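# Structural overview
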Amino acid sequence: MVKLSKGAKIAIIGAGLVGSSAAFSIMSSGLASDLVLVDINRAKAEGEAMDLGDAAAFIKPTNVYAGSFEDCQDSNIIVFTAGANQKPGETRLDLVHKNVNILKESLPQLLKYCPNAIYLIVANPVDVLTYVALKISGLPFNQIFGSGTVLDTSRFRAEVADYCNVDPRNVHAYIVGEHGDSEVPIWSTADVAGIPLEQFSKLRGLKPICRNEIARRVSTAAYEIIQRKGATYYAIAVSIKRICETILRDENSILTVSGMVNDVYGIQDCCLSLPSIVSGFGREKVLTISMTEEEEAALRNSAQVLKEVIKQAGF
Ligand code: NAD
């Protein structure tokens, strides 16, 4: 009889608020059999692993431990959350120099032990770090990508769902571009159960939707949370779990992850989010959805904002 192999191994680099919350979400879902936490503050990673491990009697067996880059060997996915987070009043782009340096130090070591893993960049500014990671590693575009606007898209769907009074899972609408201030809501293709949003709104006798107000609430959500509790971590943790799930289960789910964009919407050589098929190969295919001229122009502007920061970062 052939003994079946163990499940998936996920390494999380950075066991801070985002990394440890992602570990909790992944562990609770039973998605991985091995979960390695790596942090420059080894005691912190150990403490988080011990705390998570204490849930052993209530979850699917999961080997959670603190480790080194070497311990990441054979990981299917590396989730990169190491780095400073936004302080009140800071933008994501303000974090660039600190976090680019952390990435430049860590990535070559990870690549030594995990050349075949899929790399999911989460630390901010996520689009810039994804670009830097691609350039440093030379890995193919499907293998390194960022969490991008997966979280923003969830926020957008929740807002639209609230307006329509329906389950957010029945809303299809995307935030594209930068995970940050220049992000772009795509209203023109937003629908509820296949019914264009405007039509659904009339059908239900709703008052006209206030697009600007919804877009503002989505793009400022992180600032509002950071002002109140200092950081955001639960919803990004669930977003990370969702991305890992579609990779490990080869689901071909469409998610607005961030990755290299070339020759679409007039954009060249920039990392930003577009709806993409995510599978066991990683970010397998970028979907060029139809947009209005204004939406395309806003997307190009977002790319321009990112390219300037990428240049400032020396890439
Ligand atoms: P945090 O300060 O709580 O944790 C960061 C951790 O990284 C710390 O434990 C620190 O010791 C560790 N670290 C620093 N340098 C390291 C290195 N060289 N090697 C290993 N570990 C190292 O911060 P956080 O709230 O967990 O946020 C982490 C990152 O995630 C930030 O950049 C934040 O902006 C980003 N974030 C992204 C999203 C998103 O949607 N992409 C959402 C929320 C937060």
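Here the structure is a predicted model, which means the values were calculated and not measured. (Residues numbered from 1 in each chain as written. Predicted model: local features only at pLDDT ≥ 70, side-chain atom pairs only at ≥ 80, totals over all residues. Heavy atoms only, no water.)

## Points about the overall build of the protein chain
On a plain count of helices and strands, the protein chain comes out with 9 helices and 14 strands. Along the three orthogonal principal directions, the C-alpha set of the protein chain runs to about 55 × 45 × 45 Å. Of the contacts made within the protein chain by residues no fewer than 6 positions apart, 70% connect residues no fewer than 24 positions apart. Total accessible area on the protein chain is roughly 14,600 Å²; 53% of this is exposed by carbon and sulfur atoms. Of the charged side chains in the protein chain, 31 are positive and 35 negative; the average position of the first set lies 2 Å away from that of the second. (Helix = DSSP H or I, 4+ residues; strand = E, 2+ residues; numbered from the N terminus. Contact = heavy atoms within 4.5 Å. Areas by Shrake-Rupley, 256 points an atom, 1.4 Å probe, with all protein chains shown as cover. Lys, Arg positive; Asp, Glu negative; His and termini not counted. Charge placed at Lys NZ, Arg CZ, Asp CG, Glu CD.)

## A word on the pattern of salt bridges
Pairing between side chains of opposite charge can happen when their charged atoms approach one another. Summed over all chains, the structure comprises 14 salt bridges. One salt bridge connects Arg 242 with Glu 245, and the closest N-O pair in it is separated by 3.0 Å. Linking Arg 242 with Glu 245, this pair stays in helix 8 (residues 234-248), spanning 3 residues, or about one helical turn. On the basis of relative accessibility, which here comes to 18%, the residue Glu 245 falls in the buried class. When salt bridges with common partners are traced through the structure, they connect Lys 241, Arg 242, Glu 245, Arg 249 and Glu 251 into a single cluster. (Salt bridge = Lys/Arg side-chain N within 4 Å of Asp/Glu carboxyl O. Buried < 20%, exposed > 50% of the residue type's maximum accessible area, 1.4 Å probe, protein only.)

## Observations regarding the side chain of Asp 127
For Asp 127, the location among the structural elements is in helix 4 (residues 126-137). Buried Asp 127, no salt bridge; nearest opposite-charge side chain is Arg 92, N-O distance 7.8 Å. Here His 179 takes part through its backbone nitrogen, which lies 2.8 Å from a polar atom of the side chain of Asp 127. A polar side-chain atom of Asp 127 sits 2.7 Å from a polar atom in the side chain of Ser 258. Excluding its chain neighbours within four sequence positions, the residues that come into contact with Asp 127 are Gly 177, Glu 178, His 179, Ser 258, Cys 271, Leu 272, Ser 273 and Leu 306. (Polar contact = N/O pair within 3.5 Å; in protein donor to acceptor, adjacent residues only side chain to side chain.)

## Structural notes on the nonpolar core
Side chains that are nonpolar tend, in soluble globular proteins, to be buried together. Ranked by internal contacts, the top residues of the largest apolar core, which has 51 residues, are Ile 13, Ile 78, Tyr 119, Leu 272 and Leu 274. Considering every element that reaches this core, the biggest residue donor is helix 4, with 7 residues. Both of domain 1 (8-146) and domain 2 (150-312) provide at least three residues apiece to this core. Residue contacts for Ile 78: discarding those within four places in its chain leaves Ala 11, Ile 13, Cys 72, Leu 110, Cys 114, Ala 117, Ile 118, Tyr 119 and Leu 120. Ile 10, Ile 77, Phe 145 and Leu 255 belong to the second-largest nonpolar core, a separate cluster that totals 33 residues. (Core = buried A, V, L, I, M, F, W, Y, C linked by side-chain atoms within 4.5 Å. Domains from an automatic or database assignment.)

## Focus on the environment of Ala 221
As for its position among the elements, Ala 221 is in helix 7 (residues 211-229). Each C-alpha atom of the pair Ala 221 and Thr 232 lies 9.4 Å from the other, and the pair is 11 residues apart in sequence.

## Section: the site of the ligand
Among the 22 residues in the neighbourhood of the ligand, the closest are listed as Val 18, Asp 39, Ala 84, Asn 85 and Val 122. Separating an oxygen atom of the ligand from a backbone N or O atom of Val 18 is a distance of 2.7 Å. Between Val 122 and the ligand, the recorded distance is 2.9 Å, taken from a backbone N or O atom to a nitrogen atom. Contact with the protein chains hides 87% of the accessible area of the ligand, taken as 860 Å² for the molecule alone. Mapped onto the shell around the ligand, the elements with two or more residues apiece are helix 1 (17-29) and helix 3 (96-113). When its residues are assigned to classes, the shell around the ligand shows 11 nonpolar, 10 polar and 1 charged. (Near = heavy atom within 4 Å. Nonpolar A, V, L, I, M, F, W, Y, C, P; charged D, E, K, R; others polar.)

## Describing the packing of aromatic side chains
Each aromatic ring pair is described using two quantities: the centre-to-centre distance and the angle formed by the ring planes. Inspection of the entire model under this criterion finds 2 aromatic pairs. With a centroid separation of 4.9 Å and an interplanar angle of 90 degrees, the aromatic rings of Phe 156 and Trp 187 are classed as edge-to-face. Here Trp 187 lies in strand 8 (residues 184-192) and Phe 156 lies in helix 5 (residues 150-164), a separation of 31 residues in the sequence. Its guanidinium or amino end placed over the ring of Tyr 233, Lys 229 lies 3.9 Å from that ring's centre, counting from NZ or CZ. (Phe/Tyr/Trp six-rings, centres within 6.5 Å; stacked < 30°, edge-to-face > 60°. Lys NZ or Arg CZ within 6 Å of the ring centre and 35° of its normal.)

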